[in-house]
Amino acid sequence: MSTLELTGVSKRYGSQAVLDRLDLRVESGEFISLLGPSGCGKTTLLRLIAGLTPSDGGQITVDGQDLTALPAHRRNIGVVFQNYALFPHLTVGENIAFGLKAGGLPRGEIAGRVREALQSVKLAALTDRPISALSGGQQQRVAVARALATRPRLVLLDEPLSALDRKLREHMQIELRRMLRDAGMTAIFVTHDQEEALVMSDRIALMNRGLIEQLDAPQAIYAKPRSLFALNFVGLSSQFAGTVLAAADGQVRVATPVGEICAPGSLLPGSSVTLAVRPEAMRVGGSATASDNQLSLPLSDTVYLGARRLLYFHSAAAHGEDIEALQIIAELPAQDQAAPHIGERLQLSWSVADTLLFPATPQA
Amino acid sequence: MTNRLRLKPLGIGWLALPGAGYLVLVFALPLLALLASSLFDAEGAFSLAGYGNFLGDSYNAKVVWNTLKIATSVTLICLLIGYPAAFAMARAPVAVQGLMFLALILPLSVGVVVKSFAWTILLRSNGPVNALLLQLGLIDEPLKLLFNERGLIIAAVHVFLPFMVLPIFTVARQIDSRFMDAAATLGGGPLYRFRHVVWPLSLPGVVTGCAFVFSMAVSMYVIPALIVGDRYQTLPALLARAYLFMRDRQAGSTMAVMLLIIAVSIVLLSSWLGRRIEARQQRAQEAA
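All figures in this text were calculated on a predicted structure; none of them were measured in a lab.

Chemist: Talk me through the overall build of chain A; I want residue IDs and the actual numbers.
Modeler: Helix and strand content of chain A: eight helices and 20 strands. For chain A, the spread of C-alpha atoms along the principal axes amounts to about 75 × 45 × 35 Å. In chain A, buried positions account for 50% of the 364 residues. Within chain A, residue pairs in contact and separated by at least 24 positions form 66% of the contacts whose partners lie at least 6 positions apart. For chain A, the accessible area works out to roughly 16200 Å², and carbon and sulfur atoms hold 50% of it. Distance from the positive charge centre (34 side chains) to the negative charge centre (36 side chains) of chain A: 8 Å.

Quick look at the structure:
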């Protein structure tokens with residue numbers, strides 16, 4: 001159980017800043033995900049914490065001890081690599097024992113720790129197998145067991161599930177989470193898969209261009225995205241660009257191509273904004289109250305997803321090629337009713353409180 | 001698998017025929033003739049005198065010892081120089097790697113005779129090497145580098161080095177740098193990482209390189225002939241003398257057979273070592 005603290009951590013390659021004075025505090029026993037598109041710096045950050053890449057500035061401390069100048073092999077931070085990096089010339093047991101031997105543990109104790117580590121990932125029967133004889137899922141578990149066997153202060157996982165097929169990946173998300181919780185391990189998990197981050201994390205650090213855009217619990221990341229980037233990276237939404245007409249009582253009235261929409265917030269009239277609504281906040285049909293935002297649009301497409309169904313509307317106000325920005329998505333439980341017909345005009349409504357408001361930024 | 005079995009009788013196997021035929025004709029048959037001529041005396045009668053004489057003469061033991069000593073030194077020095085060079089080459093940026101490759105391969109196109117003569121010029125008492133060492137103040141009087149083991153080893157290492165570097169380079173290039181990262185995060189320091197990850201993973205290349213260099217160094221003739229001359233005898237030189245000066249076919253072919261036995265046993269030993277290293281992985285594939 002250890003607390004990790006990063007202060008002002010920077011890394012640049014040439015003139016390009018990969019990490020720009022980044023701060024992050026990970027609490028003891030916490031499972032935190034670094035989520036972001038490729039090139040956002042999440043893997044670089046992981047390597048910096050592990051000591052595999054030197055940082056250009058800032059401080060990395062674990063439980064108050066400054067690790068910044070220590071080489072990787074003195075940090076006692078476990079890492080599970082993307083393709084596991086299991087030693088091909090060693091057996092499963094020898095892979096697990098590697099870190100214990102390097103740490104100078106007595107022989108007798110090593111055997112016990114290896115057995116214990118393999119039991120915790122339910123692979124005790126495979127101790128003497130060579131790595132090449134294992135399936136992907138088994139290799140993944142060996143990699144986790146190897147990283148945990150040395151009882152590191154914290155464990156870093158670099159997209160450890162990305163090489164597995166979907167079904168196994170979903171199983172391992174739960175399994176991995178359980179293993180780390182049982183070990184009481186502070187964990188930092190790098191992924192570009194938003195679902196994986198939502199499923200597994202206590203908190204998500206959403207990264208973009210070398211900075212953390214938002215650090216929050218998964219629910220907050222989804223329900224209260226702090227920027228358009230966060231909104232777009234996690235989950236679907238309908239979005240409307242517009243201009244604030246009036247602001248009063250903690251609400252703004254915004255003129256958009258599909259009509260006036262109200263949202264919670266306070267901005268000066270004349271400000272450019274983007275409004276967004278999550279698909280499940282949309283109601284289809286006639287149960288709107290007077291204060292709700294309302295639209296009436298023809299259905300342009302439906303997508304059946306088993307438990308639910310997505311309805312796509314393209315606003316009649318879509319002009320030119322800017323259709324993407326005016327795509328409107330609603331979600332229905334699929335069992336509720338028969339699928340509406342494409343072309344059918346439907347009544348959409350959502351409460352003002354469910355409308356997200358983002359001031360327009362130059363790059364958005 | 002079934003596919004391959006069905007193809008085998010008339011498929012791929014025939015492609016080896018021209019090569020195999022050529023080898024039988026120019027290698028296996030002459031080898032038998034060589035073996036035969038070591039077992040028959042000048043009058044054509046069967047005789048083990050060739051082996052008797054060879055093994056009975058203590059001078060020959062000295063020559064075999066010289067030969068093995070030189071070959072072993074050359075192999076070890078090639079390994080010592082070649083191993084880091086191979087890794088530097090494997091980790092170099094593509095452009096640099098290309099240059100290094102060129103530097104390694106180009107000298108192979110220069111004949112061994114030319115290279116040996118070049119060394120006799122370089123290594124002379126008043127040659128450039130001694131001049132440089134004197135100039136730098138590292139030595140007070142010229143080192144004797146010609147007509148002795150020292151010069152022979154220097155020249156032989158130069159000629160055979162590429163055959164050590166290339167197999168190790170091939171293996172080094174395939175060692176994933178993430179293995180080093182993993183070993184470091186598991187607490188392995190630089191030496192521990194080398195000893196337990198890099199070295200075992202590169203061993204197949206080391207074994208191949210050593211087999212190449214040793215078998216060539218044990219049978220080299222031109223380099224010792226030009227660098228040391230008659231004063232320092234190795235088995236190939238003795239062998240050539242028996243044929244060319246003594247006109248003693250039996251003695252010559254006996255020595256040729258002995259040399260062959262030494263070289264082949266080294267190659268077999270090293271490939272056995274190599275197989276032992278991979279034995280674990282093979283057992284695994286059978287189990288799976």
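Having seen it, we continue.
Chemist: Tell me about the environment of B:Met89, residues and numbers included.
Modeler: All names here are of chain B. Mapped onto the elements, methionine 89 comes out in helix α4 (residues 58-91). When its relative accessible area of 3% is taken as the criterion, methionine 89 is described as buried. Remark: the alpha-carbon pair of methionine 89 and threonine 208, spanning 119 residues in sequence, is separated by 18 Å. What methionine 89 contacts, discounting residues up to four positions off in sequence, is Gln97, Met100, Phe101, Leu104, Val165 and Phe169.

Chemist: Please set out helix α2 (residues 17-38) of chain B residue by residue, giving values where relevant.
Modeler: Residues and elements named next belong to chain B. With 22 residues, α2 extends 30 Å between its outermost C-alpha atoms, agreeing within 8% with the 32 Å of an ideal straight helix rising 1.5 Å per residue. The largest bend in α2 comes to about 40°, at valine 24. Within α2 the residues assigned to the buried category are Leu34, Ser37 and Ser38.

Chemist: Summarise the sheet that holds strand β18 (residues 327-333) of chain A; cite the residues concerned and give the values.
Modeler: Residues and elements named next belong to chain A. One open sheet accounts for five strands, arranged β15-β19-β16-β17-β18; its pairing is antiparallel. This sheet does not close on itself; its edge strands, each paired only once, are β15 (283-284) and β18. Alignment of β15 against strand β19 (residues 345-350), held across two bridges, turns out to be antiparallel. Looking at β19, one finds that valine 284 is bridged to leucine 348.

Chemist: Any chance you could break down the UniProt feature "transmembrane region" (unreviewed entry) in chain B for me, citing the residues and the numbers?
Modeler: UniProt records the feature "transmembrane region" (unreviewed entry) at residues 12-36, 63-87, 99-122, 152-172, 201-223 and 251-273 of chain B, using the numbering of this structure. This span, residues 251-273 of chain B, is 100% helix and 0% strand, and a straight line between its end C-alpha atoms measures 33 Å.

Chemist: With reference to specific residues and values, describe the nonpolar core.
Modeler: A:Leu4, A:Leu6, A:Phe87, A:Leu156, A:Ile188, B:Val74 and B:Phe160 are the most contacted members of the largest nonpolar core, which has 99 residues in total. Examining the composition of this core, we find that 13 residues originate from one element, helix α8 (residues 149-173) of chain B, more than from any other. Residues contacting A:Leu156, with those up to four places away along its chain left out, are A:Leu46, A:Ile49, A:Ala50, A:Ile77, A:Gly78, A:Val79, A:Val80 and A:Ile188.

Chemist: Please set out the UniProt feature "domain: ABC transmembrane type-1" (unreviewed entry) in chain B residue by residue, giving values where relevant.
Modeler: In the UniProt entry, the feature "domain: ABC transmembrane type-1" (unreviewed entry) is given for residues 64-270 of chain B. The distance separating the terminal C-alpha atoms of residues 64-270 of chain B is 20 Å; by composition the span is 78% helix and 0% strand.

Chemist: Can you tell me about the UniProt feature "domain: ABC transporter" (unreviewed entry) in chain A, naming the residues and giving the values?
Modeler: Those places that UniProt annotates as "domain: ABC transporter" (unreviewed entry) correspond, in this numbering, to residues 4-234 of chain A. In residues 4-234 of chain A, helix accounts for 36% and strand for 26%; the two terminal C-alpha atoms are 26 Å from one another.

Chemist: How would you sum up the packing of α4(B) against helix α10 (residues 190-218) of chain B? Please name residues and give values.
Modeler: All names here are of chain B. Between α4 and α10, the least distance of the axes is 9 Å, while the angle of their chain directions is 140°. Considering their axes alone, α4 and α10 lie oblique with respect to each other. Both α4 and α10 take part in a crossing whose hand is right-handed. Counting all contacts with α4, which are made through Thr67, Leu68, Ala71, Thr72, Val74, Thr75, Cys78, Leu79, Tyr83 and Phe87, the residues of α10 involved are Phe194, Val198, Trp199, Ser202, Val206, Cys210, Val213, Phe214, Ala217 and Val218. Its residues placed into classes, the contact of α4 with α10 shows 16 nonpolar, four polar and no charged.

About the cut-offs
Residues numbered from 1 in each chain as written. Chains lettered and ligands numbered in written order. Predicted model: local features only at pLDDT ≥ 70, side-chain atom pairs only at ≥ 80, totals over all residues. Heavy atoms only, no water. Helix = DSSP H or I, 4+ residues; strand = E, 2+ residues; numbered from the N terminus. Buried < 20%, exposed > 50% of the residue type's maximum accessible area, 1.4 Å probe, protein only. Contact = heavy atoms within 4.5 Å. Areas by Shrake-Rupley, 256 points an atom, 1.4 Å probe, with all protein chains shown as cover. Lys, Arg positive; Asp, Glu negative; His and termini not counted. Charge placed at Lys NZ, Arg CZ, Asp CG, Glu CD. Expected span 1.5 Å × (residues − 1). Bend = angle between axes of the 7 residues up to and from the residue. Pairing = 2+ DSSP bridges. UniProt positions renumbered as here; feature names shortened; annotations may be inferred. Core = buried A, V, L, I, M, F, W, Y, C linked by side-chain atoms within 4.5 Å. Axes fitted to C-alpha atoms, helices over the stretch in contact; angles between N-to-C directions. Parallel < 35°, antiparallel > 145°, perpendicular 65-115°, else oblique. Left-handed = near helix turned anticlockwise from the far one by under 90°. Nonpolar A, V, L, I, M, F, W, Y, C, P; charged D, E, K, R; others polar.

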